[in-house]
Each structure stands twice: as structure tokens, then as C-alpha cells.
Amino acid sequence: MTETPRISLDGVSYTYEEAPSPALSQATAAIREGEFVAVLGHNGSGKSTLAKLLNALYIPTEGTVLVCGYNTKEEKYTWEIRRRAGMIFQNPDNQIVATVVKEDVAFGLENLGVPTVDMIPRIESALATVRMSKFADTAPHMLSGGQKQRVAIAGILAMEPSVIIADEATAMLDPSGRQEVLDTLLALNKNKNITVVWITHFMEEAAKADRVIVVSDGSIVEDGTPGEVFEKTDRMRELHLDVPHMTALAEELRSEGMPLPGGILTVEDMVREVEKIICPSKSAT
Amino acid sequence: MSIEVRHLTHTYSEGSALSAVALDDVSFSIQDGEFIGLIGHTGSGKSTLVQHLNGLLKPTSGQILIDGEDLNGEKVDRRALRRRIGLVFQYPEYQLFEETVAKDIAFGPKNQGLSAGEIDARVRYAMDCVHLDYEKYAEKSPFELSGGQMRRVAIAGVLAMKPSTLILDEPTAGLDPRGRDRILSMLEDLHRKENTTVIMVSHSMDDMARLATRLIVMANGKIVASGTPREIFSQREMMTSIGLGIPDAARLCGALREKGYDLPADLYRPEELKQHLLRLWKEAGKC
Ligand SMILES: Nc1ncnc2c1ncn2[C@@H]1O[C@H](COP(=O)(O)OP(=O)(O)OP(=O)(O)O)[C@@H](O)[C@H]1O
Ligand SMILES: Nc1ncnc2c1ncn2[C@@H]1O[C@H](COP(=O)(O)OP(=O)(O)OP(=O)(O)O)[C@@H](O)[C@H]1O
Ligand SMILES: [Mg+2]
Ligand SMILES: [Mg+2]
């Protein structure tokens, strides 16, 4: 049985008006239902352009984008696409529309035609998830950078889309906020089979994805599991990226002769592997 | 220059139903040539604080003294002061407004009354600092750039004025890892070689571990701790309880110590961990 992918890109190129060269060229990829895909790439590599193509904000200059089976080129499907594929923008100010936080979260639901009685619990639960309940009646322009970003995330969570495209959604959050938002998305992915496209410059976040796609100068240049992609330290650095801190430390230790295996991505991985080769000292408490 | 903040309180929309205390009796001082890391949870007051340091926001009460002079005093030339204290905003879009990247970066130096030749030299210097290719980007519109490219332009615009104090609000957010490393090294150079005072706001504990000579930690509009990165990052519980974390190397150190490994409590740099792990491995032999 061949399952239709949630998102499919077939030879997709996009050139901005008057730009000398395409921002994205000949991109081909398929993302299955329930995948959590991290997208990495240098500044200006084409990640946000790609995200906007997935949401029918941009129509490919060449090639075809299908989202949940709908062709983004056909205007009659734009709405069908946007209700299924929710996008969290790089700058929350491009997303926030209302003058009160809870109305901003309601905006997407109104567009979906959700009855008012059902809206309230959804808004409350989305704001609680991002810990912004006490700001429900605040004006968005009176929020800090990270607070705005949380509201933008709540707006998308409330819509319960089947695909979430997050363009550097955690860039302005504090460490625990970043962890919470990523954990929320990972849980939605795992428990509700929501497909996630997670654009980020944090290698540690990408390490938690099922799959990592790397974009460079408008082309998809790597596509594999985090273990596979981050094994190529030199290649990643050549692409202006990096590997997770623990992967880099493991490599340094290996080069000094310590017999650590490949595939170490997190602090937990590192602790587990160190325990296999070094005994805790008896004297230590 | 030295900066002294005395009992600074800031209340947004004072007197209205929406009034919010963003800074609550904050006092500290910064010496010439320090590299300060300002950290704190979302909404803790960092952006509000740094906007006071170059006079963009006015205190509800309290004072800011620059080299002993009240920043909001009547005699102070605040425009001149803003050239000496450069501020890069948290969202760079709000800082960009000219038609081209080169014009945008030239704006500050032009206001400083520099010659055309010097302005051009400053623009090239600043673009080089943030690794934006002059030939490729100088004539582009800043609004037709990617997020990370815009941030680089905003940083360049401030560097071009060669301020003696540089304040950056989340300068590495949205930068790719290489861009982040290069811009951090550039800041390190400005600090070491030109004795520039740097105040950097960041949520990246790993960046802070690398650069800051002192960390100031904020929570709920107050300063809750101040000290060297080593002092602050060894207080793992305090840091997590206020929504911050510690660098991965410090986390690894803590996790291994809990398992009984003989490691000092205050390691936070990957290089230190590497040396200690090699030592343990050589001493302990096989399990
Ligand atoms: N509105 C626009 N008009 C013209 N060119 C643009 C526009 N937006 C982006 N570009 C260009 O297209 C290329 C890809 O930009 P894009 O925003 O997709 O990059 P990105 O990978 O998201 O980068 P970042 O990590 O900095 O966010 C860049 O070279 C950029 O300068
Ligand atoms: N223009 C404003 N009007 C009213 N309240 C504001 C305004 N700007 C910020 N606040 C409030 O003041 C507090 C401090 O905000 P500030 O922007 O200084 O935080 P921050 O530490 O920079 O946070 P972040 O890490 O999210 O950028 C927050 O509770 C915020 O809601
Ligand atoms: Mg982008
Ligand atoms: Mg801020």
C-alpha cells in the first residue's frame, strides 16, 4: 500500500520578483503523516521561503507543492490548506492581528467557523499550554518578545491543525520556555500524529526530530536521521551549521583515544556511554 | 565608560488599569571594559532595562549615571550619548528603514558628521564584521532579506558608529551557527582589543559561558544574582527554578557527579569537561 504523504514537493523552485537567482531551486521531498522533520540551513538558505510555499503564501515558480493532497497552485484550495497546515512565523509581529491576546488566539478559530461555545475552552487550553493565561486580556504590543512568541504559538495550537510548520518558533524564548514548546510539539506529534516541520538554528532541537533536512543556497543537500546527519561533523560545519554540543565533545574525546561510540546527541546519551567505559570513583560521594 | 543604575523602577502605562511594573528597584554598576551577560526569563525586564541605558525609556523613578552624570539630567546631550552607547534591538526589523542595506548602515556615521570617504569605510568595515558580502548585499533592500540577514544589518548599523559601549538585545537569535560564532568572536575582539564595554542580553547559556566576564541574572523585574559565569552556572537549582538553564557542559558535569563521578562542581566549559573526563578515564581503568 502506498500512503499519500502529508506534504510533497516535486521539483519546486521559487524566485522572488527581480531576484537574480531562485531562493529555492528544484526541491523534491515527501513528508509522511506523523513525521517530525527539522529543517536546518544557513541564513538566507531558503528555509522561510520553503515554509511559505507549504502554506500557500507563495506559489512555486516551478514544480508542485501538495499539502494533504491539495495543490497549492489552485486558489480554491488555499483555505483547505491553511486550515490543515498551521504556520508559526519567524517574527510573531507578522502573525499577531488582534488588540487583545485572547482575541488574537480566537481569530484563527473564528476563521475556521468553530462555534463560540467550543472556542473558549480551546483558547484557554492553548494559552495555558504556553503559560500565558494571565495575559489573556493584555494588548499584544505590551508584551515582551518571548511573550509575543508564546501568543503566536497558542494561536496555532488552538486551531488543532494536522500539520504544524514552525519557523524558528523558539528563537526568542528562555531555556525552559524553549524546552516546553518543543516538548509540547513533540507530544502532539507522538500522541495525535500531528506532522511537524520544525525550522531551527538549534542543533540540540534538531537532534530530537525523526528526520533532519538541510538546505544550502536554495537546495536540499542532506536528508536523514539526526544520527546520520550529525555524524558528518565536517560536512555540517562546511554548511555553516554545527553538531550538538555533546556530539562535538564525544568526537574530541574519541580523538584522544576514548572508545565512545558514534550517535551521541544529548547529555543523557553521553552519561549512558561514559558509564559504560568509566567507573564512578569509590571515594566520591 | 562606567554605568551606574540606582533604584531604577519602570512601570508601563502608569496610573492606568493596565499598569505593569517591569523593573522594580534595580541597582547595579558596570565598569569600563566589562563584558556583561544579562540573562533572565521571558518578561523578566531585560529589554526594558537596556532601553533605559541609552535613554530610550525614562525611569518611573531612580537614576542612571553615565560616568557619574545623570543620563536624564537637563544638561546631558542625549543624542551625543546615543552615539557612544550603541543599542541593537531585540527585533531588528524595527531598526531598519532605509532603501538599501548600505544606506541603512551609513545612517549613524552620517549623523556623526563623518566625511563621505569615512562613511563608506565604516559601512564596509561593519558589513565585514557581520560577514555580509558588500558586493552582494550593499544595494539590496533590507526588507528583502532573510531574518538572519536582517539581524546582521541591524548589528552592522550600530557597529558602524564605533560606540564605546555596545548593548545587544539577543544578537544571536536567528543567526546560523557559523554566523553566531563569528559575531561572538568579533564581540570578543572588540572587548579585548578596543576595550569596548559590552552588555549582551541572551537566552543562550552556552554563548554566555563563552564570553561574559560577569552575569547579571534577572527575574520578575529584579536582579536576583550577579557573578562570574562559574559562580552562576554552579547554582543549577536556582537557574532552573527561574526558567533558565545552564550550559550543556555544566548539565553533563552535574549528571555525572550525581552518579558518583569525581568532578569539580563548577565545570561549565566543554574544554574543561574534556580534560576531566580524560583524567577519569586514565585513572579509573575499565569497568
Ligand atoms: N521578500 C524578499 N524579496 C527578495 N528576496 C528575498 C525576500 N525574502 C528573502 N529573500 C532572499 O531569499 C533568500 C532565502 O531567504 P529565506 O528567508 O528563505 O532564508 P532563510 O533560510 O529563512 O534564512 P534565515 O535563517 O536568515 O531566516 C535569501 O537570499 C534572501 O535574501
Ligand atoms: N510596551 C509595554 N507596555 C506594557 N507592558 C510592557 C511593555 N513592554 C513590556 N512590558 C511588560 O514588561 C515586562 C518586562 O518586559 P521586557 O520586554 O523588558 O522583558 P524581557 O526580559 O526583555 O523578555 P523577553 O526575554 O521575552 O524579551 C513584561 O511582563 C511585559 O509584559
Ligand atoms: Mg528564515
Ligand atoms: Mg526582551
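Remember, it's a predicted structure, so these values are computed and weren't measured experimentally.

### Looking at unusual backbone geometry
Argument step 1. Despite not being glycine, Glu168 of chain A has its phi angle at roughly 50°, a positive value.
Argument step 2. A positive phi angle, near 45°, is found at Asp67 of chain B, a position not held by glycine.
Argument step 3. Relative to the helices and strands, Asp67 of chain B is located in the loop between β4 (61-66) and β5 (69-70).
Argument step 4. Residue Asp67 of chain B is classed as partly exposed on the basis of its relative accessible area, which comes to 45%.

### Considering the domain arrangement of chain A
Argument step 1. Along its sequence, chain A is organised into domain 1 (7-226) and domain 2 (244-285).
Argument step 2. Distance from the C-alpha centre of domain 1 of chain A to the C-alpha centre of domain 2 of chain A: 35 Å.

### Observations concerning the coordination of the magnesium ion (ligand 4)
Residue and element names in this part refer to chain B.
Argument step 1. With distances of 2.0 to 2.2 Å, the protein atoms coordinating the magnesium ion (ligand 4) are Ser47 (OG) and Gln90 (OE1). Within this pair, whereas Ser47 is found in helix α1 (residues 46-53), its partner Gln90 is found in the loop between β6 (85-88) and α3 (101-111), the two being separated by 43 residues in sequence.
Argument step 2. Here Gln90 falls in the buried class, since its relative accessible area comes to 12%.

### Observations regarding the coordination of the magnesium ion (ligand 3)
Residue and element names in this part refer to chain A.
Argument step 1. Around the magnesium ion (ligand 3), the protein contributes the donor atoms Ser48 (OG) and Gln90 (OE1), which lie 2.0 to 2.4 Å from the metal centre. Of the two residues, Ser48 sits in helix α1 (residues 47-54) while Gln90 sits in the loop between β6 (85-88) and α3 (101-112), which places them 42 residues apart along the sequence.
Argument step 2. Residue class for Gln90 comes out partly exposed when judged on its relative accessible area of 22%.

### Some details on the site of ligand 2
Argument step 1. Looking at ligand 2, there are 19 residues lining it, with Ser144, Gly146 and Gln147 of chain A together with Lys46 and Thr48 of chain B nearest.
Argument step 2. Close to ligand 2, residues of chains A and B are found.
Argument step 3. Take Met142 of chain A: an N or O atom from its main chain is 3.1 Å from a nitrogen atom of ligand 2.
Argument step 4. In this structure, an oxygen atom belonging to ligand 2 sits 2.7 Å away from a side-chain N or O atom of Lys46 of chain B.
Argument step 5. Relative to its unbound accessible surface of 640 Å², ligand 2 loses 88% to contact with the protein.
Argument step 6. Mapped by element, the contributors of at least two residues to the shell around ligand 2 are α5 (145-159) of chain A together with α1 of chain B.
Argument step 7. Tallied by class, residues from the shell around ligand 2 come to four nonpolar, 14 polar and one charged.

Cut-offs used in this document
Residues numbered from 1 in each chain as written. Chains lettered and ligands numbered in written order. Predicted model: local features only at pLDDT ≥ 70, side-chain atom pairs only at ≥ 80, totals over all residues. Heavy atoms only, no water. Helix = DSSP H or I, 4+ residues; strand = E, 2+ residues; numbered from the N terminus. Buried < 20%, exposed > 50% of the residue type's maximum accessible area, 1.4 Å probe, protein only. Domains from an automatic or database assignment. Donors = N, O, S within 2.8 Å, 3.2 Å for Na, K, Ca; no water. Near = heavy atom within 4 Å. Polar contact = N/O pair within 3.5 Å; in protein donor to acceptor, adjacent residues only side chain to side chain. Areas by Shrake-Rupley, 256 points an atom, 1.4 Å probe, with all protein chains shown as cover. Nonpolar A, V, L, I, M, F, W, Y, C, P; charged D, E, K, R; others polar.

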